[in-house]
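Notes for the structure review
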Amino acid sequence: CLEQFGRRSDVQRCPLPYRNRRYVYHSTRDTDVNSIIEYGLRPSHCHVCRGLPGVCHDTGFFGDHTKGVYVSKHPDYTTWYNNMREPRVGDVGTIVMLETILGPTRQMTARAPGCRPDPAFCCHESTNNLEYFIYDDDTRAEPPRVC
């Protein structure tokens, strides 16, 4: 959404749901940072969720992780995802800070593992208000494109 609207003055002229510009955070391994810088965040290409053999690590509590990306309001909340467990002394990883416009947001009232992105919204917000599952036409495409 941010690329579509650009400057803050442009955002203020948009309909109210498109004015919720904010910083969000995404944890990743150091080896993935350059790819994120060059191509942006992209939905998971999980083989299992695409019907291929393998092990799925996370179908997404508030949205199909093959159709959008997860970010958080707080950087420390994302650290679990670096190693798929609680952080330990000596762990390393990178937290990427992004500026985005959430757009119309669907407040989730319960976990809905793997639920499809709701086309009436641009984002699902977790029940604890700490995570966002963001998506757009590109991430919902098959195969998905970058967010």
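Below is a summary of the structure that appears in this document. Every value quoted in this text rests on a predicted model; they were computed, and no experiment measured them.

Right, let's talk about the nonpolar core for a bit. V24, I36, L41, V69, V71, V96, L102, C123, Y132 and I134 form the largest nonpolar core, which has 10 residues in total. Contributions of two or more residues to this core are made by β2 (69–72) and β6 (131–134). With residues near it in sequence (within four places) discarded, Y132 still touches R22, V24, V69, Y70, V71, K73, L102, C123, H124 and E125. Formed by six residues, the second largest nonpolar core is a distinct cluster that contains F62, M108, C115 and F133.

We now examine the packing of aromatic side chains. Considering all chains together, one arrives at two aromatic pairs under this definition. Seen from their ring centres, Y70 and F133 are 5.1 Å apart, and the 45° between their planes marks the pair as tilted. Of this pair, Y70 sits in strand β2 while F133 sits in strand β6, and the two are 63 residues apart along the sequence. Side by side, Y70 and F133 carry an identical accessibility label, which is buried. With centroids separated by 5.5 Å and ring planes inclined at 40°, the aromatic side chains of F133 and Y135 adopt a geometry described as tilted. Of the aromatic side chains, those joined through ring pairs into one cluster are Y70, F133 and Y135.

Here the focus is unusual backbone geometry. The bulk of non-glycine residues show a negative phi, and the bulk of peptide bonds are trans. Residue N129 is not a glycine yet carries a positive backbone phi of 60°. Relative to the helices and strands, N129 is located in the loop between β5 (123–125) and β6. Judged by relative accessible area, which is 33%, N129 ranks as partly exposed.

What follows deals with the side chain of S72. If you trace the backbone, S72 turns up in strand β2. Take S72: its relative accessible area is 1%, and that puts it in the buried class. Once you skip the residues sitting within four places of it in the chain, S72 turns out to touch V24, Y25, Y77, T78, L130 and E131.

Glancing now at the environment of T100. Position of T100 among the secondary structure elements: in strand β3 (residues 94–101). It is 6.3 Å that separates the C-alpha atoms of T100 and Y23, two residues lying 77 residues apart in sequence.

Our next topic: the side chain of E131. Take E131: it is sitting in strand β6. Within the buried set, E131 has no salt-bridge partner at all; the shortest N-O distance to an opposite charge, 7.3 Å, is to R111. What E131 contacts, discounting residues up to four positions off in sequence, is F62, Y70, V71, S72, Y77, Y81, H124, E125 and S126.

Further remarks concern the environment of D76. Along the chain, D76 falls in the loop between β2 and α4 (80–83). Relative accessible area serves as the criterion here: at 58%, D76 is assigned to the exposed category. Between the alpha carbons of D76 and S27 there is a distance of 9.0 Å; along the sequence they are 49 residues apart.

Reading the values: the criteria
The residue count restarts for each chain, going from 1 along the sequence in the order it is written. Per-residue local features are limited, in this predicted model, to residues with pLDDT of at least 70; the limit for side-chain atom pairs, both in listing and counting, is 80 or more; totals at the level of whole chains, interfaces and linings are taken over all residues. Neither water nor hydrogens contribute to the side-chain values; these are computed over all heavy atoms in the structure. Among the buried residues, those of types Ala, Val, Leu, Ile, Met, Phe, Trp, Tyr and Cys that are joined through side-chain atoms within 4.5 Å form a nonpolar core. Per-residue accessibility, obtained with a 1.4 Å probe over protein chains only, is compared with the maximum for each type, and a residue is labelled buried under 20%, exposed over 50%, and partly exposed between these values. The numbering of helices and of strands both runs from the N terminus, where a helix is a DSSP run of H or I of at least 4 residues and a strand a run of E of at least 2. We call two residues in contact when some of their heavy atoms are within 4.5 Å. Between 30 and 60 degrees the pair is tilted, below 30 it is stacked and above 60 it is edge-to-face, where a pair is any two Phe, Tyr or Trp rings, Trp via its six-membered ring, whose centres lie within 6.5 Å. In this charge count, Lys and Arg are treated as positive and Asp and Glu as negative; neither His nor the chain ends contribute. Here, a salt bridge means any Lys or Arg side-chain nitrogen found within 4 Å of an Asp or Glu carboxyl oxygen.

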